[in-house]
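Single-letter residue listing:
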Amino acid sequence: MNDATDYTRTFAAKPQPLTLEQAAWKTPPMQLTDTEGMIDVPRMRRYRQNRLREQMKAHGMAAVILTDPLSIRYATGVRNCTLFQMHIHAGYLFLPAEGPVIYFDSEPGRETGAQLETIDEIRDDLLPLSYMFAGYRHQEWCTKWAAQMKALVDEHCGGETRVGVERTAPLPHMALEQAGLTLVDAGEALAHARKIKSPEEILCMNQTIAVAEDGMTRMRNNLVNGITEQELWSHMWAANIEGGGEWIDYRLLASGERTNPWQQEASSRTIRAGDLVVFDCGMVGPWSYGADISRAYHCGPGRPTDEQCRLYQYAHNEVTHNGALLRPGISFSELIEQRYCQPDGYNDQTYPCMMHGLGMADEYPVIYYPADEQFHYDGALEPGMVICVESYVGKLGGYEGVKLEDQYLITETGAVCLSRYPFEDALLSREL
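Residues numbered from 1 in each chain as written. Predicted model: local features only at pLDDT ≥ 70, side-chain atom pairs only at ≥ 80, totals over all residues. Heavy atoms only, no water.

Pairs of aromatic rings are described using the distance from one ring centre to the other and the angle between the two planes. Counted by the stated rule, this structure contains ten aromatic pairs. An angle of 20° between the planes, with centres 4.7 Å apart, marks the rings of Y92 and F104 as stacked. In this pair, Y92 is assigned in strand β2 (residues 92-96) and F104 in strand β3 (residues 102-104), connecting sequence segments twelve residues apart. When sorted by exposure, Y92 lands in the same class as F104, which is buried. On the numbers, 6.5 Å between centres and 50° between planes, the contact of Y297 with Y421 is tilted. Of the two residues, Y297 is situated in strand β12 (residues 294-298) and Y421 in the loop between β17 (415-417) and α14 (425-428); the sequence distance between them amounts to 124 residues. (Phe/Tyr/Trp six-rings, centres within 6.5 Å; stacked < 30°, edge-to-face > 60°. Helix = DSSP H or I, 4+ residues; strand = E, 2+ residues; numbered from the N terminus. Buried < 20%, exposed > 50% of the residue type's maximum accessible area, 1.4 Å probe, protein only.)

As structure tokens, then:
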């Protein structure tokens, strides 16, 4: 056949699934169209829903009723006015251990849900679980909603009535019990489902980290004497929105004396030459996945002081030492025992935890310092977990402090640091 008339094409095979190790090192293109196939989104949605159902069965739940928008996003992929629905419940999801997944929401949510293979039925008989919508009829609406959920349990759960719920207010919770359901906390099944990520989830997370690191670069480039904390922080928000992200959990950027104690939110304080500027990105970016990375900058002109370098180097020592401990199978108690210990005078203040999990937001597990023994629980790191390693160093009553944090993926063979933004040479290189 003549080449000019041969319209047959040979297409490349669909990309094969990645391993966790392979995903850890890839930053996929921003998938704004359906022509960029590195992230197999339907496979990711199936993985997450199957993970949740496995954990529901392991924890003896015949079904879960999900009202938290991030939980619904995890279970199905639906996103509809997430921040609004975090404080005013509207849509909800019925997900049985076996059987059809049924989603209730307003029209925009129904339109989105109808496009997803993870949802079997879209219902428009929505009964929002908020006094804002129901007013003095709130009790009546909750009773009707409980009857609606009980009917689904009767139809799809084979006579079982043990149901996982989350974040319901007292009236809906009591109404479900009065309808004859046995309620348990869905949080345990959700936490153990979400803790193990698929390679596709890591690719999504790497997109978010790339967006966060763009925001860090913008802030670094715009850090000049005279800019306010809020003006500087706006560059991180801009990067997230422009990159297809969703929100930032907090406003943790502080400068100068506001860096000690830590966790003071961005203000209208003017940043001055010689200040340390410290931030925690706490971002929910593309695909609703998190980036949780902290850095500290020195505002020029001029050189950092010896004490600023000392604070920074001690925080850097802790993050790198504790990050090197990460491996599959190590227990939480072993991590606590083998942790980096700050020298006297710099160990009176710590971050609230040594390490924590991350997925669509901060999540299980949380590993505490020895001083918080009352909160300790044990467990072990597993391949597929993403762990954020924290450090805060600031003298009690001192002038400044430094917060650093890196984000790691646990693999079968060790740990990979997903956060790549460099540390500050000017604060690290000085011999003290």
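To continue, consider the UniProt feature "domain: Peptidase M24" (unreviewed entry) in the chain. The UniProt record marks residues 204-412 with the feature "domain: Peptidase M24" (unreviewed entry), using the residue numbering of this structure. Annotated as 28% helix and 22% strand, the span residues 204-412 places its first and last C-alpha atoms 20 Å apart. (UniProt positions renumbered as here; feature names shortened; annotations may be inferred.)

Bringing the sheet that holds strand β10 (residues 283-284) into the picture now. Reading across the sheet, the three strands line up as β7-β10-β11 and stay open at both edges, with antiparallel pairing between neighbours. With partners counted over all chains shown, the strands left at the sheet margins are β7 (247-248) and β11 (290-291), one partner each. (Pairing = 2+ DSSP bridges.)

Here the focus is the sheet that holds β3. Note on sheets: strands pair through backbone hydrogen bonds, and any given pair is parallel or antiparallel. Read from one edge to the other, the open sheet built from six strands follows the order β4-β3-β2-β1-β5-β6, with strand pairing classed as mixed. Only two strands of the sheet have a single partner each, and these edge strands are β4 (121-123) and β6 (182-185). Along the sheet, successive strands turn relative to each other by an average axial angle of 25°, direction set aside. In terms of strand pairing, β3 meets β4 through three bridges, oriented parallel. For I102, the partnering residue across the bridge sits in β4 and is E121. Against the sheet, helix α7 (residues 138-156) makes contact with β1 (63-66), β2, β3, β4 and β5 (162-165), and its axis sits at roughly 20° relative to β2, the strand it touches most. (Axes fitted to C-alpha atoms, helices over the stretch in contact; angles between N-to-C directions. Contact = heavy atoms within 4.5 Å.)

Let us now look at the pairing of strand β14 (residues 362-367). Across a regular strand the side chains alternate sides, sitting on one face of the sheet and then on the other. Relative to β14, strand β13 (residues 355-358) is paired through four bridges, and the arrangement is antiparallel. Along β14, the bridge assignment pairs H356 with V366.

On to helix α10 (residues 199-222), then. The α-helix advances 3.6 residues per turn, and as a result positions three or four apart in sequence lie on the same side. Between its first and last C-alpha, α10 extends 35 Å over 24 residues, near the 34 Å set by a 1.5 Å rise per residue. With 17 of 24 residues buried, α10 lies mostly within the body of the structure. (Expected span 1.5 Å × (residues − 1).)

We now examine the UniProt feature "domain: Creatinase N-terminal" (unreviewed entry) in the chain. Summarizing the sequence annotation, UniProt attributes the feature "domain: Creatinase N-terminal" (unreviewed entry) to residues 48-196 in the numbering used throughout. With 48% helix and 15% strand, residues 48-196 has its two end C-alpha atoms placed 9 Å apart.

Another point: a nonpolar patch on the surface. On the surface, F84, M132 and F133 cluster together into a nonpolar patch covering about 290 Å² of accessible area. Within the secondary structure, F84 sits in helix α4 (residues 82-87). (Patch = residues over 30% accessible without salt bridge, like charges linked within 9 Å, V, L, I, M, F, W, Y side chains within 5 Å. Areas by Shrake-Rupley, 256 points an atom, 1.4 Å probe, with all protein chains shown as cover. Salt bridge = Lys/Arg side-chain N within 4 Å of Asp/Glu carboxyl O.)

What follows is about the domain arrangement of the chain. Looking at the assigned domains, one finds that the chain contains domain 1 (60-194) and domain 2 (196-429). Listed by partner, the interface residues are eleven residues for domain 1 and eleven residues for domain 2. Surface buried jointly by domain 1 and domain 2 totals about 990 Å² across both partners, of which 58% is contributed by carbon and sulfur atoms. Summed over the three residues of domain 1 that lose the most area to domain 2, namely L70, R73 and R194, the buried surface amounts to 50% of that side. If you look at where domain 1 meets domain 2, you find five residue pairs in polar contact (both at pLDDT 80 or more). A total of four residues in the side of domain 1 that touches domain 2 trace back to one element, the largest contributor, which is helix α9 (residues 187-194). In terms of residue class, the side of domain 1 that touches domain 2 is built from six nonpolar, two polar and three charged. (Domains from an automatic or database assignment. Buried area = accessible area lost by both parts, 1.4 Å probe. Polar contact = N/O pair within 3.5 Å; in protein donor to acceptor, adjacent residues only side chain to side chain. Nonpolar A, V, L, I, M, F, W, Y, C, P; charged D, E, K, R; others polar.)

Attention now moves to the pairing of β13. Burial along β13 is two-sided: the face carrying M355 and G357 and the face carrying H356 and L358 are both buried. Between β13 and β14, which pair antiparallel one after the other, the connecting turn spans three residues. Examined bridge by bridge, β13 and strand β15 (residues 386-393) share three bridges and lie antiparallel to one another. In the sheet register, G357 faces β15, and the bridge partner there is I387.

In this section: unusual backbone geometry. The omega angle of the peptide bond from G300 to P301 is 5°, so this bond is cis rather than trans. Cis geometry marks the peptide bond from Y364 to P365; its omega dihedral reads 0°. Relative to the helices and strands, P365 is located in strand β14. The backbone of C81 shows a phi angle near 50°, a positive value even though the residue is not glycine. Structurally, C81 can be placed in the loop between α3 (69-76) and α4.

Moving on, we get to α9. For α9, every residue scored as buried is listed here: A189, L190, H192, A193 and R194. Summarising the contacts, the buried residues of α9 are in contact with α2 (41-58), β1, α3 and β14.

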